Amino acid sequence: MESPFVYGKIATEPFFTDRAKETALLVTDFQNLTNTILISPRRWGKSSLVRMAANRAIQEDPALRICHVDIFNVRTEEEFYQKLATEILRGTASLLDEIVANAKRFLSTVAPTINIGDTMNTVGVSFQLHEIKKSEDEILDLAEKIAVEKGIKIVVCIDEFQQIASFKNSDAFQAKLRSHWQLQQHVAYCLYGSRRHMMLEVFTNVEKPFYKFGKTMFLEKIKREHWPGFIAQRFRNTGKDITPEQCLCIVDLVDNNPYYIQQLCEEVWNRTTVKCDDETIDAAFRSIVDSQSGLNLALTQTLSKSAECYRTR
């Protein structure tokens, strides 16, 4: 039987829970083309929230397109431009031929290589390094040009946006991005990340280019009292029972962290045959703690000698 809980990947319905207020706000922002900055710690579900809001916004507005760009592993401007162009092309076309045509039409100074997989999800676009340097302006205006040409609206959602702060000559790069994006009338940007101090530096420092770029939203934890209904229903849907008190126990054991709630719930669910008992919750929790302890030990063993000395002071 498939687990009724999910963690470590995007939570879609029916795994997605609560966030009704935040989802509604984002849907409105997307439809109104309002630039939005979303900040929250890792594992609090911001990526799932953005995806859920994007799906609902598209359902309500057929003229809207959403492009999702994850730059967690992006380290240079050139990688950023390539990733941005790839996801805009993929997010604004439904057919492979259209992706190729748009690449050739709107990126006139480059000859993109289209890498074709078995599905649309494996379509990639690659450029030569020197060609990217000559095409930065075209890539930054790509979404706007496509939107105007097709009579649509586009929202570009960029995950882990704080990565740009680590680029070489980051301030100049940020200034270049804003100089293009702030002029666009048919495109909005949802920029979100998990490293709070870096995101705040990018968006709230008056000396930085992205100061006051859009509306800022700080994602809070899901309310504690919301979880029992969701957890119990997921158990019932698979023929198992758990009490509201036991649900709250799970929430409290992991300090109301959405990622770990789903992880612990899955471990408890796996160990439950028909009706959950307190001993099952304790055993599931100890199992996760033991596995994390081993992982933490392995990580500390990779520290440099100086870091190890600091850790043991």
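Our structure is the block above this text.
Conventions used here
- Residues numbered from 1 in each chain as written.
- Predicted model: local features only at pLDDT ≥ 70, side-chain atom pairs only at ≥ 80, totals over all residues.
- Heavy atoms only, no water.
- Helix = DSSP H or I, 4+ residues; strand = E, 2+ residues; numbered from the N terminus.
- Buried < 20%, exposed > 50% of the residue type's maximum accessible area, 1.4 Å probe, protein only.
- Contact = heavy atoms within 4.5 Å.
- Areas by Shrake-Rupley, 256 points an atom, 1.4 Å probe, with all protein chains shown as cover.
- Expected span 1.5 Å × (residues − 1).
- Core = buried A, V, L, I, M, F, W, Y, C linked by side-chain atoms within 4.5 Å.
- Axes fitted to C-alpha atoms, helices over the stretch in contact; angles between N-to-C directions.
- Parallel < 35°, antiparallel > 145°, perpendicular 65-115°, else oblique.
- Left-handed = near helix turned anticlockwise from the far one by under 90°.
- Nonpolar A, V, L, I, M, F, W, Y, C, P; charged D, E, K, R; others polar.
- Pairing = 2+ DSSP bridges.
- Salt bridge = Lys/Arg side-chain N within 4 Å of Asp/Glu carboxyl O.
- Phe/Tyr/Trp six-rings, centres within 6.5 Å; stacked < 30°, edge-to-face > 60°.
- Lys NZ or Arg CZ within 6 Å of the ring centre and 35° of its normal.

Enquirer: Describe the overall build of the protein chain, with residues and values.
Expert: Assigned secondary structure in the protein chain consists of 14 helices and seven strands. Out of the 313 residues belonging to the protein chain, those deemed buried represent 47%. Sequence separation of 24 or more characterises 73% of the internal contacts of the protein chain that already satisfy a separation of 6 or more. Carbon and sulfur atoms form 50% of the exposed surface of the protein chain, whose accessible area is close to 16,000 Å².

Enquirer: Give a description of helix H8 (residues 170-181) that names residues and reports values.
Expert: Its 12 residues give H8 an end-to-end C-alpha distance of 16 Å, which sits within 8% of 16 Å, the value for a rise of 1.5 Å per residue. As for H8, its buried residues are in contact with helix H3 (77-91), helix H6 (136-140), strand E5 (153-159), strand E6 (187-193) and helix H9 (196-204).

Enquirer: Can you lay out the nonpolar core for me, pointing to particular residues and giving the numbers?
Expert: One finds Phe80, Val156, Phe161, Trp181 and Phe210 to be the most contacted residues of the largest nonpolar core, which totals 42 residues. For phenylalanine 161, the contacting residues outside a window of four places in its chain are Ile71, Leu177, Trp181, Leu191, Tyr192, Gly193, Met199, Val202, Phe203 and Phe210.

Enquirer: How would you explain helix H2 (residues 46-60) if you had to name every residue and give the values?
Expert: In a regular helix each residue adds 1.5 Å, so 15 residues correspond to 21 Å; H2 covers 21 Å between its end C-alpha atoms and thus fits that length. Along H2, the residues classified as buried are Lys46, Ser47, Ser48, Leu49, Val50, Met52, Ala53, Ala54 and Ala57. Contact partners of the buried residues in H2: helix H1 (20-32), strand E1 (36-39), strand E2 (64-70), E5 and E6.

Enquirer: Outline the packing of helix H10 (residues 227-236) against helix H11 (residues 244-253), listing residues and values.
Expert: As a packed pair, H10 and H11 sit with axes 9 Å apart at the nearest point and diverge in direction by 110°. Taken together, the axes of H10 and H11 are roughly perpendicular relative to one another. Every pair of crossing elements has a handedness; the one defined by H10 and H11 is right-handed. Residue-level contacts link Trp227, Pro228, Ile231 and Ala232 of H10 to Pro244, Cys247, Leu248 and Val251 of H11. Residue composition of the contact of H10 with H11, grouped by class: eight nonpolar, no polar and no charged.

Enquirer: How would you summarise the pairing of E5 if you had to cite specific residues and measurements?
Expert: Among the seven residues that make up E5, six are buried, leaving the element largely enclosed by the rest of the structure. Bridge analysis of E2 against E5 gives seven bridges, and the strand direction is parallel. Across the sheet, arginine 65 pairs through a bridge with isoleucine 154, a residue of E5. Here E5 pairs with E6 via six bridges, running parallel. Note that in E6 the partner of isoleucine 158 across the bridge is leucine 191.

Enquirer: Explain the pattern of salt bridges residue by residue, including any values.
Expert: Under the defined criterion, the tally for this structure stands at 13 salt bridges. Among the ionic pairs, arginine 19 bridges to glutamate 22, the shortest N-O distance being 3.6 Å. Among the salt bridges present, the one from lysine 208 reaches glutamate 201, with a minimum N-O distance of 3.9 Å.

Enquirer: Outline the side chain of histidine 68, supporting the account with residue identities and numerical values.
Expert: Residue placement: histidine 68 occurs in strand E2. Not counting chain neighbours up to four residues away, the residues in contact with histidine 68 comprise Val50, Arg51, Ala54, Glu87 and Cys157.

Enquirer: Describe the environment of threonine 36, and please don't skip the residues or the numbers.
Expert: Relative to the helices and strands, threonine 36 resides in strand E1. Under the relative-accessibility criterion, threonine 36 is labelled buried at 1%. With 121 residues separating them in the primary sequence, threonine 36 and cysteine 157 have C-alpha atoms 9.2 Å apart. With residues near it in sequence (within four places) discarded, threonine 36 still touches Leu26, Asp29, Tyr189, Cys190, Leu191 and Lys215.

Enquirer: How would you sum up the packing of aromatic side chains? Please name residues and give values.
Expert: Summed over all chains, the structure comprises 16 aromatic pairs. Both rings, one in tyrosine 81 and one in phenylalanine 173, keep their centres 5.9 Å apart while their planes meet at 80°; by these two values the pair is edge-to-face. Here the residue tyrosine 81 occupies a position in helix H3, and phenylalanine 173 occupies one in helix H8, the gap between them amounting to 92 residues. Judged on exposure class, the residue tyrosine 81 and its partner phenylalanine 173 are both buried. Clustering of aromatic rings is evident, with ring pairs tying together Phe161, Trp181, Tyr189, Phe203, Phe210 and Phe213. Of note, lysine 240 hangs over the ring of tryptophan 269, and the distance from its end group to the ring centre comes to 3.9 Å.

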